[in-house]
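Summary of structural features
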Amino acid sequence: MLSSFDPRINRLELPDAPSIPTDKVALDQFPTYEVFHQRKENAAYAYVGPVHAPEADVAFLFAKEQFSRRFPCTGMWVAPTSAIQVTPYGNDQESVYNLLPLLPVESATADATGQQAYDIFHLKKRGKAHAHVGQVSASSPEAALQAAKAAFGDQRPVVNVWVIRSADLLRSDDEDRDMWTTTPDKKYREAISYKVQDRIDRFKQEG
Amino acid sequence: MNPTLDLLYRLADDQLILGHRNSEWNGLGPILEEDIAFSSMAQDKLGHSLQLYTLLHELGEAEPDTVAFTRNAPQFHCCQLTELPIGEYDFSLIRHFLFDHAELLRFEALADSSYEPLALVARKIKGELKYHVLHANTWVKRLGTATEEAIERMQAALEFTLPYALGIFETTDAEPEIISSGLFIGEKELQTRWEASVSKVLAQTALTLPDLRTLTPVAGGRHGQHTEHLQPLLDEMAEVFRLDPTADW
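Residues numbered from 1 in each chain as written. Chains lettered and ligands numbered in written order. Predicted model: local features only at pLDDT ≥ 70, side-chain atom pairs only at ≥ 80, totals over all residues.

Things to note about the overall build of chain A
Stated formally: Labels follow the DSSP assignment, with helices taken as runs of H or I lasting at least four residues and strands as runs of E lasting at least two, numbered in each case from the N terminus. Exposure classification rests on a simple neighbour count of other C-beta atoms within 10 Å of a residue's own: a residue reaching 20 or more is buried, one at 12 or fewer is exposed, and one in between is partly exposed. C-beta atoms are placed from the backbone. A pair of residues counts as a contact when their C-beta atoms, built from backbone coordinates, are separated by no more than 7 Å.
Counting secondary structure elements, chain A contains five helices and eight strands. The order of α-helices and β-strands along chain A, N terminus first, is α-β-β-α-β-β-α-β-β-α-β-β-α. Sorting the 207 residues of chain A into buried and exposed places 28% on the buried side. Residue pairs in contact within chain A that sit at least 24 positions apart in sequence constitute 60% of those at least 6 positions apart.

With respect to unusual backbone geometry
Residues and elements named next belong to chain A. Here Arg-156 and Pro-157 are connected by a cis peptide whose omega angle stands at -15°. The phi dihedral of Glu-13 is positive, around 50°, even though this residue is not glycine. Here Glu-13 is to be found in the loop between helix H1 (7-11) and strand E1 (32-38). The phi dihedral of Gln-93 is positive, around 70°, even though this residue is not glycine. Considering the arrangement of structural elements, one finds Gln-93 in the loop between strand E4 (84-86) and helix H3 (105-108). For Gln-93, a count of 9 C-beta atoms within 10 Å puts it in the exposed group.

Thoughts on helix H6 (residues 116-143) of chain B
Short version of the rule: Each residue after the first adds 1.5 Å to the expected span of a helix. In this scheme, the bend at a residue equals the angle between the axes fitted to the seven residues that finish there and the seven that begin there.
Look at H6 of chain B: 40 Å from first C-alpha to last across 28 residues, which is about the 40 Å you get at 1.5 Å a residue. By the largest-angle criterion, Lys-126 of chain B marks the main kink of H6 of chain B, which is about 30°.

Let's talk about the packing of helix H2 (residues 56-67) of chain A against helix H2 (residues 32-58) of chain B
Note the following rule: Axis lines are fitted to C-alpha atoms, over the contacting stretch for helices. Their N-to-C directions set the angle, which ranges from 0 to 180 degrees. Should the near helix be turned anticlockwise from the far one by less than a right angle, the crossing is left-handed, and should it be turned clockwise, the crossing is right-handed.
In the contact formed by H2 of chain A and H2 of chain B, the axes pass within 9 Å of each other and the chain directions differ by 65°. Judged by the sense of rotation from one axis to the other, the crossing of H2 of chain A with H2 of chain B is left-handed. Here Leu-61, Phe-62 and Glu-65 of chain A of H2 of chain A come into contact with H2 of chain B, specifically with Glu-33, Ile-36, Ala-37 and Ser-40 of chain B.

Side note on the interface of chain B and chain A
Contacts between chain B and chain A engage 20 residues on the former and 18 residues on the latter. Those elements giving two or more residues to the side of chain B that touches chain A turn out to be H2 and H6 of chain B. For the side of chain B that touches chain A, the leading source of residues is H6 of chain B, giving ten residues.

What about the confidence of the model for chain B?
Selection rule: You can read pLDDT as the predictor saying how much it trusts each residue, on a scale of 0 to 100.
Residues of chain B with pLDDT of at least 70 account for 100%, and the chain-wide mean is 96. Under the prediction, the complex receives an ipTM of 0.83, its pTM being 0.87.

Focus: the nonpolar core
To keep it simple, the criterion reads: The term nonpolar core refers to a group of buried residues, namely Ala, Val, Leu, Ile, Met, Phe, Trp, Tyr and Cys, whose C-beta atoms join them within 7 Å.
One finds Ala-165 and Ile-168 of chain B to be the most contacted residues of the largest nonpolar core, which totals 59 residues. At the level of secondary structure, the elements contributing two or more residues to this core comprise helix H1 (3-23), H2, helix H3 (64-70), helix H5 (89-110), H6, helix H7 (148-166), helix H9 (187-202) and helix H10 (230-237) of chain B. Every residue in contact with Ala-165 of chain B, bar those within four places of it in the chain, is listed here: Leu-81, Leu-98 and Phe-99 of chain B. Core analysis: the next-biggest nonpolar cluster, separate from the first, contains 47 residues, Val-35, Ile-84 and Ile-120 of chain A together with Tyr-131 of chain B among them.

Here's what the structure looks like:
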């Protein structure tokens, strides 16, 4: 039996020799979800990073763990990566909206029955995060981009735009606001409280 | 025992022992993100126990570290549910589900406690517990509607764990005064709310909640009677402290 200094490992009663490797299962990775967080009340939701998860609810849990523990956070959204429409990248200081092919007006203002809400996110500068600028109503992601140009196209600079159907965003509940307020004294979570330099110096002198 | 101390010891010991147990998944969880989530919640529980031991210290009890690390099993007031070994992940998830539903309702009620320092702590803790319950519900709903194997294992874990979970609500002699003084709504009322709350989630799955009246609660923990698993846990948890009580890092 495998023995370890960690009693938890001993309790697992693992065999000494590794078992014969089996073939890797195809598609054994979970899909990715993209996470947006709100750093303080009334601030725009901004992109913070991806998580792997089997479904949106679980992605939300993982997102909370990965992205809300170290910084203040007052809300979170997640969307499947596959649900995000991305424009090409424009140049710094310009607006990527000017590079987009214009759709005929009639397709941008299709009949009201097929209209859905879309959330629009702008990247102001390469290396920064996409931030939420607002919602538009449209009949397709392409039409949503045209509507976004009309609503937010005067902003400068816009290096890149993300369009997400609002129904594809799982949003934290306003009722659950207290979920984000954690106990104030969490210094033990921060690496800064592990001050070891003194002890390292002392150890070196003793050595 | 004084009703406030009696209540606080039960609350604090539950958080410490289950926090320590759940921390045993650290590095061994089923997938990386879930490992992080479960370990993080275990750390929350240890943080909750520290806050509650601090309240006890303010009432004249020993320092939190002394209280946590120097008592033996018969001096602990945790329910036996919290001390059981982590087992397989199905058991650990079901324990987390059954325990944290009770904890959320408990601390929501304690936010209105007549003992103001406890009410203040409860208002802080209940937000974190809300997330712990969201986490538990998400997995119970997911696995409780997944494959045949998942449903069977979750059902078996549920049936094994329920008698221990009913032990959460074991009362002590201080119970009438705890209720009459407005410290807490009492275990009976808590159990009623808990049954409604867990039933509501289980109803959204293929899992069935047995008739709780047919089960015998595993009691004793609140009176210092524990399983053979608690003392080894305490020995392991306090190993460093007992080697060197001034150890610091």
